[in-house]
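Observations on chain architecture
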Amino acid sequence: MAYALQQLINGVSLGMIYGLIAVGYTMVYGIIGMINFAHGDVFMVGAFVSLITVLLLGIGGGAAGPGALLLVLLAAMAVTALYGWTVERVAYRPLRGSFRLAPLISAIGMSILLQNYVQVAQGARVKPTGTLVPGGVTLMQSEGFNVQFSYVQMLICVVTLGVLAGFTLLVTRTPLGRAMRACEQDRKMAALLGIDTDRIISLTFVIGAALAAVAGCMYLLRYGVIDFYIGFLAGVKAFTAAVLGGIGSLPGAVLGGLLIGLIETFWSAYFSAQYKDVAAFSILILTLVFMPTGLLGRQEVEKV
Amino acid sequence: MNALLRMEGVCAGYGAVQALNDVSLHVDQGEIVTLIGANGAGKSTLLMTLCGEPRARAGHITFDGAEITALPTHAIMRRGIAQSPEGRRVFPRMTVQENLMMGAEALGQPGDELPRVLELFPRLRERFAQRAGTLSGGEQQMLAIGRALMSRPRLLLLDEPSLGLAPLVVKQIFGAIRRLNATQGMTVLLVEQNANLALRLAHRGYVLVNGRITMAGTGAGLLARPEIRDAYLGGAAH
């Protein structure tokens, strides 16, 4: 029981990171109908910007104050947003109106480019930061097993929920959010109303990248080590989460992220840690075969 | 006389298909002008070309004296043109209210037109909080026109507002267009397959055949022409 509770805490905090990344996949899919395969690497860039900011602030190795952590988070969001904007501008916008596979191929190229760029610029070795947020609280003790809710896990939950709440308000309550939904439902009509659809698409990438940066920052705080390759696995899992939740659905992406985090954690705890990725990707295949619209996705309606 | 909208020698099309051929027409301030023609004659393409999508391959389009031929769609619409397009294209997963507000908000306007639009189409008031995808065809058409009106356009483009609707609903919608023009002086360019209705409503009309304008005249004048009656009104017996 205590063991399961511990897995629940671990799974939820991991799932929140996946959920933040998955939102970026699903937003871009909703608005331009493509899978941005470079998104996982944008997350990785976010983690690296966080790391560089940590080093610049000189807070590596020990416990960091809340002000410094906030600065790290904001710097990561700002710089990574710029990356997201640039990726769309350079690799996708020139291909709009081209055949459907063109931006997809371009996205894979962008993914490889970002990985190699970070590998060359930052080196291939793993980068440790030490524990920036140490400690935690013991929720319960039974049969010699302590259920720990660490401060960093609390931080992940609080920050993720806060960011997602702000994001939800943005999408549902602001003119920008309505313009984004209009573009998602009928881009041509949105333009006919005077919406600059290219600008909305750019902003979608910027917001998606900023959310991925939050995930990257949380990942760094949680694990304390990153390398240039973390974007691949995290990206594919977040993509799985977006598909499981129903690609195009924002609540679905968060739900999918939590489920993938939980499945992976419980699988590692009760079966085999080596096979945890197999478990996550089996979900992807099962979803695509038996429930292609996902948990909260819409049935695709043929337009007349 | 400076026309509000003028097209001169416009050619346009999709891919290898040339849908408009050397089209010239004008719409003056305060007029209802209709464009009639058979299915596939290029009527919708003409309205879309005015809005920059597809772009005119030749010729000039001016609005209020300024050239708009090469502007992107959103920039054209921001000059005071609004369209209720073919197929209505309401945002199905937004409420009626949100759809209407989109019409104003996209241009940074507060939506002061809302009371007037709801007065013109009281049905929209009854459906205000409902998702647009759940509306009937007639209600969606009212919503599409209402949404276009929300930005207080100087030129309203209407693409087949009667398509697929019951005669009673068509009557309501055409009545609303007439009222808009009479009370607010709204300038309207109306594309219709229902030539009889359109020519009775409009001050002037153009006939489009295979992407070319073949006839022009007053609404009543065109209605009286035998070749129009034969081709578009189902013969003299109609």
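Residues numbered from 1 in each chain as written. Chains lettered and ligands numbered in written order. Predicted model: local features only at pLDDT ≥ 70, side-chain atom pairs only at ≥ 80, totals over all residues.

Per the secondary structure count, chain A includes eleven helices and four strands. In terms of overall size, chain A behaves like a compact globule, its C-alpha atoms giving a radius of gyration of 19 Å where 304 residues would be expected to give roughly 19 Å. Seen through its C-alpha atoms, chain A measures out along the principal axes to roughly 65 × 45 × 35 Å. With 304 residues in all, chain A has 48% of them scored as buried. In chain A, 76% of the contacts between residues at least 6 apart in sequence involve partners at least 24 apart. (Helix = DSSP H or I, 4+ residues; strand = E, 2+ residues; numbered from the N terminus. Rg over C-alpha atoms; globule rule 2.2 N^0.38 Å. Buried ≥ 20, exposed ≤ 12 C-beta atoms within 10 Å, placed from the backbone. Contact = placed C-beta atoms within 7 Å.)

On to the domain arrangement of chain B. Bring the parts together and some accessible area is lost; that lost area is often taken as the interface size. Residue and element names in this part refer to chain B. The domains assigned to chain B are domain 1 (1-80 + 156-238) and domain 2 (84-153). With 16 residues of domain 1 in contact, the opposing surface of domain 2 contributes 13 residues. Going through the elements one at a time, β7 (155-159) and α7 (167-184) are the ones with two or more residues in the side of domain 1 that touches domain 2. Residues belonging to the side of domain 1 that touches domain 2 are distributed by class as follows: nine nonpolar, three polar and four charged. (Domains from an automatic or database assignment. Nonpolar A, V, L, I, M, F, W, Y, C, P; charged D, E, K, R; others polar.)

Okay, the confidence of the model for chain B next. With 97% of its residues at a pLDDT of 70 or more, chain B shows a mean pLDDT of 93. Across the interfaces of the predicted complex, the ipTM metric reaches 0.92, alongside a pTM of 0.90. (pLDDT = per-residue confidence, 0-100.)

Moving on, we get to the sheet that holds strand β9 (residues 204-209) of chain B. Consider a sheet: its strands pair through backbone hydrogen bonds, and that pairing is either parallel or antiparallel. Residues and elements named next belong to chain B. If you trace the six strands from one edge of the open sheet to the other, you get β6-β7-β8-β3-β9-β10, paired in mixed fashion. Where the open sheet ends on each side, the last strands, each with one partner, are β6 (81-84) and β10 (212-218). For this sheet, the mean angle separating the axes of adjacent strands, direction not counted, is 15°. Relative to β7, β6 runs parallel, the two being bridged by four bridges. Its bridge partner lying in β7, A82 is registered against L156. Contacting β3 (32-36), β6, β7, β8 (187-192) and β9, helix α1 (residues 43-50) runs over the sheet at an angle of about 150° to β7. (Pairing = 2+ DSSP bridges. Axes fitted to C-alpha atoms, helices over the stretch in contact; angles between N-to-C directions.)

Attention now moves to helix α11 (residues 276-290) of chain A. Residues three or four positions apart in an α-helix share a direction because the helix packs 3.6 residues into each turn. Residues and elements named next belong to chain A. The terminal C-alpha atoms of α11 lie 21 Å apart, and with 15 residues this matches the ideal 21 Å at 1.5 Å per residue to within 8%. Looking at α11, one finds that the buried residues are A280, I283 and T287. End-on view of α11: buried residues confined to an arc of 50°, all on one side of the axis. Every exposed residue of α11 that faces more than 90 degrees away from the buried side is listed here: V278, I285, L286, V289 and F290. (Expected span 1.5 Å × (residues − 1). Arc of directions from axis to C-beta.)

Bringing the environment of C217(A) into the picture now. Residues and elements named next belong to chain A. You can see C217 is positioned in helix α8 (residues 197-223). Owing to 31 C-beta atoms within 10 Å, C217 belongs among the buried residues under this scheme. Among all residues touching C217, those that are not within four sequence positions of it are G46, A47, S50, V72, L73 and A76.

What follows is about the packing of helix α6 (residues 175-185) of chain A against α8(A). All names here are of chain A. With their axes 10 Å apart at the nearest point, α6 and α8 run at an angle of 105° to one another. Classified by the angle between their axes, α6 and α8 sit roughly perpendicular to one another. For the pair α6 and α8, contact is made by L176, A179, M180 and C183 and by T197, I200, L203 and T204, respectively. Classifying every residue of the contact of α6 with α8 by side-chain character gives six nonpolar, two polar and no charged. (Parallel < 35°, antiparallel > 145°, perpendicular 65-115°, else oblique.)

Residues and elements named next belong to chain B. Direction of pairing for strand β1 (residues 5-14) relative to strand β4 (residues 58-63): antiparallel, over a ladder of five bridges. Counterpart to E8 in the pairing with β4 is H60. Of the pairings in the sheet, the one linking β4 to strand β5 (residues 66-67) comprises two bridges and is antiparallel in character. Paired with T62 across the bridge in β5 is E67. From the end of β4 to the start of β5, which pair antiparallel, there are two residues, and D64 there has a positive phi angle of about 55°.

The interface is formed by 14 residues belonging to chain A together with 19 residues belonging to chain B. When contributions to the side of chain A that touches chain B are tallied by element, the ones reaching two or more residues are α6 and α7 (187-192) of chain A. Here the side of chain A that touches chain B gets six residues from one element, more than from any other, and that element is α6(A). Considered class by class, the residues forming the side of chain A that touches chain B number eight nonpolar, two polar and four charged.

A few words now on the pairing of β10(B). All names here are of chain B. In terms of strand pairing, β9 meets β10 through six bridges, oriented antiparallel. Along β10, the bridge assignment pairs L208 with I213. The antiparallel pairing of β9 with β10 creates a hairpin that spans two residues between the two strands, and N210 there sits at a positive phi of about 45°.

The next point concerns the environment of A210(A). Residue and element names in this part refer to chain A. Looking at the element boundaries, A210 is found in helix α8. The class for A210 is buried, based on 24 C-beta atoms found within 10 Å. Spatially, the C-alpha atoms of A210 and V152 are 20 Å apart, while their sequence positions differ by 58 residues. When near neighbours in sequence (up to four residues on either side) are disregarded, A210 contacts M77, T80 and A81.

Here we take up the sheet that holds strand β2 (residues 17-27) of chain B. Residue and element names in this part refer to chain B. Here four strands make up an open sheet; going across it, the order is β2-β1-β4-β5 and the pairing antiparallel. The strands lining the two open edges of the sheet, one partner per strand, are β2 and β5. Lying over the sheet, α1 contacts β1, β2 and β4, oriented at roughly 70° with respect to β2.

Residue and element names in this part refer to chain B. It is the contact of helix α3 (residues 96-105) with helix α6 (residues 137-149), at a shortest axis distance of 6 Å, that shows an interaxial angle of 35°. Helix-helix and strand crossings are classified by hand; for α3 and α6 the assignment is right-handed. Residues V96, N99, L100, M102 and G103 of α3 touch α6, and the partners they reach there are L143, G146, R147 and A148. Within the contact of α3 with α6, the residues separate by chemical class into five nonpolar, three polar and one charged. (Left-handed = near helix turned anticlockwise from the far one by under 90°.)

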